[in-house]
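So the chains spell out like this:
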Protein chains: 2
Amino acid sequence: MKTVKIGLLGLGNIGTGTYKALEMNRSEIEETLGTGVEIVKILERDTTRDRGIEVPLEKFTQDPDEIFTDPEIDIVIELLGGIEPATSFMLKAMENGKHVVTANKAAIAANYHKLMDTAKANDIMFRFEASVGGGIPILGTLTGPLRANKFEEVLGILNGTTNYILTMMTSEGVDYDTALKDAQAKGFAEADPTADVEGIDAANKLTILMALMFDKYVAPGDIPTTGITAITKDDIEKARANNCRIKLIAHAKKLENGEIEYAVKPMEIDESHPLAGINMEFNAVFVKGNAVGDLMFYGKGAGPLPTGSAVLGDVIDIVKSSLR
Amino acid sequence: MKTVKIGLLGLGNIGTGTYKALEMNRSEIEETLGTGVEIVKILERDTTRDRGIEVPLEKFTQDPDEIFTDPEIDIVIELLGGIEPATSFMLKAMENGKHVVTANKAAIAANYHKLMDTAKANDIMFRFEASVGGGIPILGTLTGPLRANKFEEVLGILNGTTNYILTMMTSEGVDYDTALKDAQAKGFAEADPTADVEGIDAANKLTILMALMFDKYVAPGDIPTTGITAITKDDIEKARANNCRIKLIAHAKKLENGEIEYAVKPMEIDESHPLAGINMEFNAVFVKGNAVGDLMFYGKGAGPLPTGSAVLGDVIDIVKSSLR
């Protein structure tokens, strides 16, 4: 049996989740593919931290080129996060003929064309399912089975931190600051929550969705973006009186004239709408296609194992399409 | 540009929806694939009915062998419904080297191994996304991107007729007979609703889900199946008092000992569970994977265009994998 060899950039939370998900489900994955799958090299400084997984020390390297130039490596998984050096590393991997998988929404949203063009020029597959909706397999579905549709609209709850905070404000009647502190205590919000609560993370994801659904690139900074920091208990109660729930929605819609209207902002969602029932840290993506009508995909938008599941889904796709 | 040629068995509601969806979105589909896609022959007696589409008369045939033995035809789409002659036709198409796409849950559930084995023996692709959940791309997702998971459980609202009836009983307070008559008047229930209201349709779909998720075939007749005909207004109210909604659920769960427990039956679903908010004729499939956690897929479980969208999704998958 052939073995597909993977180089992994970064063994933080998501990298560890990906490594763990592969260990947990290796036999199913390999049976599906008819090939072995092995992470053979890992770019990571911290080689000693207890991650709850057994990683042979010889897999670690401090030199990214050792991964990019290894002729045995078929796929590079980038899980460093942040725009740089992640983008440069992905480009270098592509230029060396490696297929690339990433969960890095900020890098893709900032450098979408450069990454897509470089992937094409080097005839490699570039996959980033985990970058939007975490474990929810939305991007592959939009670009695969749903391609028999013209897309008309997308409404996404794409950020678990803000959805957790808004859920707490709605169900427990607490104010924004109390809900944020609770989210931080439970690990659903970072110490500096700016990127989440100001809608920046959701805007990055909307950039990616619009590019795939409408073939239109809008830089995240050009998306009108309003976060949830100004939402009061009063706003929540007013929405409830209208039989609505306030959700932070990444929204894009194709207008009659063919233009795309887009924004990230808190919206009142009628309680009969399926998005109104998406609570806590869960994510959901609601799309309208001209043949399929309304569809919604719901699941865990973050977390090591769900995100690892999506990363490995991309690996499976690449092996199926190009490496057997 | 190469053109992929399709033979279509049956131009009823779903066949017409598939034909229409292809006409509506041909340019997107062909651009995605880099090939033309054309339905070149149609097995259908009724050549004159007004279906709201333009079908050149010379595409119609009364002789299925004209499709099976045409060396130009790459894919056969079976949309006749019913177990026979649909199963025999699919087998014959496979034996003639055609890839096969179907929406026919009854035929697949009854003859799963025969169809899968014949597809394998003839080295062709057999796809049936539309057979479970209509337009919702659930089967391809379970067998593709989610294969990096061991599946633990599935709970499906897989029948739009019964979900419509239960929704009406819950929201309008009407009894079963009134809700059924309303569903029939609106076209959500057939004149003879037995297969839907007795849970037989849902059992067929659960057979298919279990085969794909757990590699376990259970004939639909061997699934303990209870429909909704005995549900009273009182049952609905008792559930509401428990903060629950009654839904007809197709359920399968892997137990600690590796056995699969399965049934189709009305269940009380807590109103905080995402399935509780799936109303009217919509379908949803809730799955648990050991890496991804909880996922739910929601959409239109029936109807010509949504089902046609799923059928064409399969065509796209086959062309991508085998015909370019």
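Conventions used here
Residues numbered from 1 in each chain as written. Chains lettered and ligands numbered in written order. Predicted model: local features only at pLDDT ≥ 70, side-chain atom pairs only at ≥ 80, totals over all residues. Heavy atoms only, no water. Contact = heavy atoms within 4.5 Å. Buried area = accessible area lost by both parts, 1.4 Å probe. Salt bridge = Lys/Arg side-chain N within 4 Å of Asp/Glu carboxyl O. Polar contact = N/O pair within 3.5 Å; in protein donor to acceptor, adjacent residues only side chain to side chain. Helix = DSSP H or I, 4+ residues; strand = E, 2+ residues; numbered from the N terminus. Pairing = 2+ DSSP bridges. Axes fitted to C-alpha atoms, helices over the stretch in contact; angles between N-to-C directions. Least-squares fit on C-alpha atoms with pLDDT ≥ 70 in both.

S.K.: Looking at this structure, how should I read the interface of chain A and chain B?
M.R.: When the parts of a complex come together, some accessible area is lost, and that lost area is often taken as the interface size. Facing the 39 residues of chain A at the interface are 39 residues of chain B. Note on chain A versus chain B: buried area summed over both sides is about 3200 Å², and carbon and sulfur give 59% of it. Our count for the contact surface shared by chain A and chain B stands at two salt bridges. The closest approach of N and O atoms between A:Lys150 and B:Glu28, which form a salt bridge, is 3.8 Å. Applying the counting rule to chain A against chain B returns twelve residue pairs in polar contact (both at pLDDT 80 or more). If one sorts the elements of the side of chain A that touches chain B by residue count, strand β11 (residues 293–300) of chain A sits on top with eight residues. Examined bridge by bridge, β11(A) and strand β11 (residues 293–300) of chain B share five bridges and lie antiparallel to one another. Residue pairing across strands places A:Leu295 opposite B:Gly299, the latter belonging to β11(B).

S.K.: I tried to follow the sheet that holds strand β10 (residues 282–289) of chain A on my own but got confused; where do I start?
M.R.: Adjacent strands of a sheet form backbone hydrogen bonds with each other and so pair up, either parallel or antiparallel. Spatial strand order, β9(A)-β8(A)-β7(A)-β10(A)-β11(A)-β11(B)-β10(B)-β7(B)-β8(B)-β9(B): ten strands in an open sheet with antiparallel pairing. Only two strands of the sheet have a single partner each, and these edge strands are β9 (260–270) of chain A together with β9 (260–270) of chain B. Ignoring strand direction, the axes of neighbouring strands in this sheet form an average angle of 20°. Relative to β10(A), strand β7 (residues 151–157) of chain A is paired through six bridges, and the arrangement is antiparallel. For A:Val154, the partnering residue across the bridge sits in β10(A) and is A:Val287. Contacts from helix α11 (residues 233–241) of chain B reach β8 (244–254) and β9 of chain B, with the element oriented near 80° to β8(B).

S.K.: What exactly am I supposed to notice about the relation of the copies chain A and chain B here?
M.R.: The operation relating the pair of chain copies consists of a rotation about an axis and a translation along that axis. Overlaying chain A on chain B yields an RMSD of 0.0 Å, the required transformation being a rotation through 180° with an accompanying axial translation of 0.0 Å. Both copies of the chain, as the preceding transformation shows, are related through a two-fold rotation axis. Closest to the rotation axis within chain A is the C-alpha of A:Phe297, separated from it by 2.4 Å. Of the residues that chain A buries at the interface, 100% are likewise interface residues in chain B, meaning the two copies contact each other through the same surface.

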